[in-house]
Amino acid sequence: MSSMHSASLFDVKDKVVLITGGSRGLGLMIAHGFVANGAKVYISSRSANICDQAAKELTKLGPGKCISLPADLQSLDEVKRLVTELSKHEFKVHVLVNNAGATWGAPLDEYPDAAFEKVMNLNLKRVFSLTQAMMPLLDAAATDKAPASIINIGSVAGIHVPNLETYAYSASKAALHQMTRVLAGHLGDRHITCNAIAPGPFPSKMMAATLKDFGEAIVAGIPLGRIGAPEDIAATCIYLASRAGAYTTGAIIPLDGGSLVKAKA
């Protein structure tokens, strides 16, 4: 029963983690949490400068370390290049966090086809492409006692109908939640768990304008009375990536302070 010690239940020390969209917003919060708990974290994002800078700062904070692997995940070739680069450094990866995403809001009558395409491609199709390409590295890390872990970052917008007209975003996140369940159903015998986190409002770049304009109304709709903090998303990922979450798979975990269950007057 020695493994019941709380520190070992949530231990991610020396685990190898890849986080897409890891240089800012939710991805950076997650990366910080893993690095602070001793993991070796690779972050990827489109902008090489921002990615390099974030990795440098996180490594300084320690005790884990952070390595920058920039890539534009809209492109299948870039997805494959990212995994090739990563494979030069690592022969196994314990945790894949599919966090990179895009959103677009526009009225129904003028919602652009190109925007729909871009959002669905990055938020859904490329999550599948990257997961597919990462299978050899995840398989190499997976054991029956310590499964490898895929964590998809969904959204409460994929569960309820948001006020904003984000058609492609909401649809992509709902589809991502279902794809998470399908993957979980097929990956269990390979000792890989697959779960999604559905965040509510967090202080990210994607949410900044919305929080600025509607911050008070948003908080009023959250039973716990605040927006999410970096620790909230980091801790949920650490739970799913550690012994604590080894029997959780196919779950969609709302991380929203209760906004989804708030009774409507």
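Basis of the calculations
- Residues numbered from 1 in each chain as written.
- Predicted model: local features only at pLDDT ≥ 70, side-chain atom pairs only at ≥ 80, totals over all residues.
- Heavy atoms only, no water.
- Salt bridge = Lys/Arg side-chain N within 4 Å of Asp/Glu carboxyl O.
- Helix = DSSP H or I, 4+ residues; strand = E, 2+ residues; numbered from the N terminus.
- Buried < 20%, exposed > 50% of the residue type's maximum accessible area, 1.4 Å probe, protein only.
- Pairing = 2+ DSSP bridges.
- Right-handed = clockwise from strand over helix to strand, strands pointing away.
- Expected span 1.5 Å × (residues − 1).
- Arc of directions from axis to C-beta.
- Contact = heavy atoms within 4.5 Å.

Caption draft 1: Broad picture of the pattern of salt bridges. Counted by the stated rule, this structure contains six salt bridges. In this structure, the salt-bridge partner of glutamate 78 is arginine 81, at a minimum N-O distance of 2.7 Å. Of this pair, glutamate 78 and arginine 81 both sit in helix α4 (residues 76-89), separated by three residues, roughly a single helical turn. Linking lysine 88 and glutamate 85 is a salt bridge whose minimum nitrogen-to-oxygen distance equals 3.1 Å. Here the residue lysine 88 and the residue glutamate 85 both occupy positions in helix α4, the gap between them amounting to three residues, near one helical turn. Residue glutamate 85 is classed as partly exposed on the basis of its relative accessible area, which comes to 25%.

Caption draft 2: Representation of the pairing of strand β2 (residues 40-44) in the model. Counting buried positions along β2 gives four out of five residues, so the element sits mostly inside the fold. Sheet analysis places strand β1 (residues 16-20) next to β2, joined by five bridges and oriented parallel. Note that in β2 the partner of valine 17 across the bridge is valine 41. As a crossover connection, the stretch from β1 through helix α2 (residues 25-36) into β2 is right-handed.

Caption draft 3: The arrangement of the pairing of strand β3 (residues 65-68) in detail. Covered by surrounding structure in β3 are Cys66 and Ser68 only, the residues Lys65 and Ile67 on the alternate face being uncovered. Here β2 runs beside β3; their pairing, made up of four bridges, is parallel. When the sheet's bridge partners are listed, valine 41 is paired in β3 with cysteine 66. Running through helix α3 (residues 48-61), the crossover from β2 to the neighbouring parallel element β3 is right-handed.

Caption draft 4: Seen up close, α4. Between the first and last C-alpha of α4 there are 21 Å, a value that for 14 residues agrees with the 20 Å anticipated at 1.5 Å per step. For α4, the full list of buried residues reads Val79, Leu82, Val83 and Leu86. Taken around the axis of α4, the buried residues stretch over an arc of 90°, which confines them to a single face. When the buried face of α4 is taken as reference, the exposed residues oriented beyond 90 degrees from it are Asp77 and Lys88. In this structure, the buried side of α4 is in contact with β1, β2 and α5 (113-141).

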